[in-house]
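Structure at a glance
Below are the chains, spelled out letter by letter.
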Amino acid sequence: MESVGACLDAGGHGDDPWSGVDATRLARAASEQAERAIPGIQDMRSYLASQVSDVSHREVVGPLLDGQGASGVVVRRGTVLAAWGDPEREEMAFSATKSVLSLVAGLAFDDGLLRLDEPVCRSIDLPQFGDAHGQEITWRHLLDQSSQWEGELWGKPTSVDAQSSREGTESAGGPPGAGWAYNDVRVNLTALALTVLLRRPLPEALHERIMEPIGASSGWSWHGYADSAVEVGGRRLPVVSGGAHWGGGLWISALDLARIGQLCLRRGQWGGHRLLSGRWVEEMWRPCPVKPHYGLSWWLNDHRTVWPKAPSTGRCARGNGGGHLLWVDPARDLVVSSRWGAEVETLLAEVSAAIEPLGKPAP
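Here we summarise the structure given alongside this text.

The rules we used
- Residues numbered from 1 in each chain as written.
- Predicted model: local features only at pLDDT ≥ 70, side-chain atom pairs only at ≥ 80, totals over all residues.
- Heavy atoms only, no water.
- Helix = DSSP H or I, 4+ residues; strand = E, 2+ residues; numbered from the N terminus.
- Rg over C-alpha atoms; globule rule 2.2 N^0.38 Å.
- Buried < 20%, exposed > 50% of the residue type's maximum accessible area, 1.4 Å probe, protein only.
- Contact = heavy atoms within 4.5 Å.
- Areas by Shrake-Rupley, 256 points an atom, 1.4 Å probe, with all protein chains shown as cover.
- Lys, Arg positive; Asp, Glu negative; His and termini not counted.
- Charge placed at Lys NZ, Arg CZ, Asp CG, Glu CD.
- Pairing = 2+ DSSP bridges.
- Salt bridge = Lys/Arg side-chain N within 4 Å of Asp/Glu carboxyl O.
- Phe/Tyr/Trp six-rings, centres within 6.5 Å; stacked < 30°, edge-to-face > 60°.
- Lys NZ or Arg CZ within 6 Å of the ring centre and 35° of its normal.

Here we take up the overall build of the chain. Across its full length, the chain holds nine helices and 14 strands. Against the 2.2 N^0.38 benchmark of 21 Å for 363 residues, the chain shows a C-alpha radius of gyration of 19 Å, consistent with a compact globule. With respect to the three principal axes, the spread of C-alpha positions in the chain is 60 × 50 × 40 Å. By residue count, 60% of the 363 residues in the chain fall in the buried class. Contacts in the chain between residues far apart in sequence, at least 24 positions, make up 66% of those at least 6 positions apart. Of the accessible surface of the chain, which amounts to about 14000 Å², a share of 48% is contributed by carbon and sulfur atoms. Side-chain charges of the chain comprise 34 positive and 44 negative groups, with the mean position of each set lying 4 Å from the other.

A few words on the sheet that holds strand 6 (residues 221-232). Spatially, four strands are ordered 3-8-6-7 in an open sheet, and the strand pairing comes out antiparallel. Every other strand in the sheet has two partners, leaving strand 3 (91-92) and strand 7 (235-240) as the edge strands with one partner each. Pairing geometry for strand 6 and strand 7, over five bridges, is antiparallel. Looking at strand 7, one finds that Glu-231 is bridged to Arg-236.

Further remarks concern the pattern of salt bridges. One pass over the structure, following the stated rule, counts 16 salt bridges. When the shortest N-O distance is used, the salt bridge between Glu-208 and Arg-200 registers 3.1 Å. The salt bridge partner of Arg-267 is Glu-282, with a shortest N-O separation of 2.8 Å. Of the two residues, Arg-267 is situated in the loop between helix 7 (254-265) and strand 9 (269-270) and Glu-282 in helix 8 (residues 278-284); the sequence distance between them amounts to 15 residues. Given a relative accessible area of 38%, Glu-282 falls into the partly exposed group. Linked by salt bridges that have partners in common, Asp-117, Arg-140, Arg-279, Glu-283 and Arg-286 make up one network.

The next point concerns the packing of aromatic side chains. Counted by the stated rule, this structure contains 10 aromatic pairs. Ring pairs connect the aromatic residues Trp-180, Tyr-182, Tyr-294 and Trp-299, which therefore count as one cluster. Over the ring of Trp-307 we find Arg-318; its NZ or CZ atom is 5.3 Å from the centre of that ring.

Here we take up the pairing of strand 13 (residues 324-329). Of all six residues in strand 13, six are buried, a share of seventy percent or more. Burial along strand 13 is two-sided: His-324, Leu-326 and Val-328 and Leu-325, Trp-327 and Asp-329, pointing in opposite directions, are all buried. Here five bridges tie strand 12 (residues 315-319) to strand 13, and the two strands are oriented antiparallel to one another. Opposite Arg-318, over in strand 13, you have Leu-325 as the bridge partner.

Turning our attention to the sheet that holds strand 14 (residues 334-339). Strand order across the open sheet formed by six strands is 2-1-14-13-12-11, with antiparallel pairing between neighbours. Of all the strands in the sheet, the pair left with one neighbour each is strand 2 (79-84) and strand 11 (299-300). Where strand 1 (residues 71-76) and strand 2 come together, five bridges link them in antiparallel fashion. Paired with Val-75 across the two strands is Val-80, which belongs to strand 2.

Turning our attention to unusual backbone geometry. The phi torsion at Gln-148 lies on the positive side, around 55 degrees, for a residue other than glycine. Mapped onto the elements, Gln-148 comes out in the loop between helix 4 (139-143) and strand 4 (152-153). Among the residues examined, Gln-148 registers a relative accessible area of 3% and is labelled buried. Positive phi, normally seen in glycine, also occurs at Trp-154, with a value near 55 degrees. The residue Trp-154 is located in the loop between strand 4 and strand 5 (156-157) in this model. What makes Trp-154 buried here is its relative accessible area of 15%.

The following block contains the structure:
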């Protein structure tokens, strides 16, 4: 396959990517994942309807992209060692978009526009942060999903996202930071707040500061809803969504997603240039006090809670229950990007077993 052997990161360490790799086992893991495509994705409208449990707000308000089967890559030390399907084909990323949204927040952080533990209302003026509860919401609360904000945005109330009640840590009406809930409406509020803060569409910032420098293709795109826009400085700016719960979100190939993972693995550096601060990568992967296996919109496998069979050293962006996965394991200098594939925990376990952890550096 054309992508196998490709070097994604020109500023890598130069070490042999095959050192400590069981090539046969790795090839088998990739081949088996290619056969585990999630069914029903060729008709995305029907598939999405089957995923949303609240029938009162099932209406799709963003664009859709039909799925075309399982695809993915395994990247070690910046080099693609294995691939399956068509890793250069764009697919909807679902909630893996949230982790990319966190990268854009990192740009604002690095520019001094965003202070994680400062109330959002101090840097932007939006009605959602105007009441007593809203005034206590910090940027960290937005990004680690502990804001406990209640309201409606783009026609979708926070109460209809059934994911919110699954964890049981949210305290109804409680203060920001006291409870955690996975809620797409609140993530969309984060995207709105960042758009106002940066005073530009988020895809523009992502393209200019991250995607173009890392050599991403021109095929990726990031969508919002039909009516998701905000007036900033006399300009009407589109606001993207942080997932695909009602359509939209990030559309990206497995290979481009792997490039993003490689940037995070290198702690914000690419080809000898710093695109994102190492401090921000640390913050993204810092456990949320009320949800220890979640950071700033990234999942943390420290206690093997997210994927019990995978190494505790991994961090990931995931969407649609793992059907879209970006796995970053610094202990193995490893990135795995999987699209529309089922049983990803098996994939992670097999790939990780085929790659030895890096040895401790010499004193």
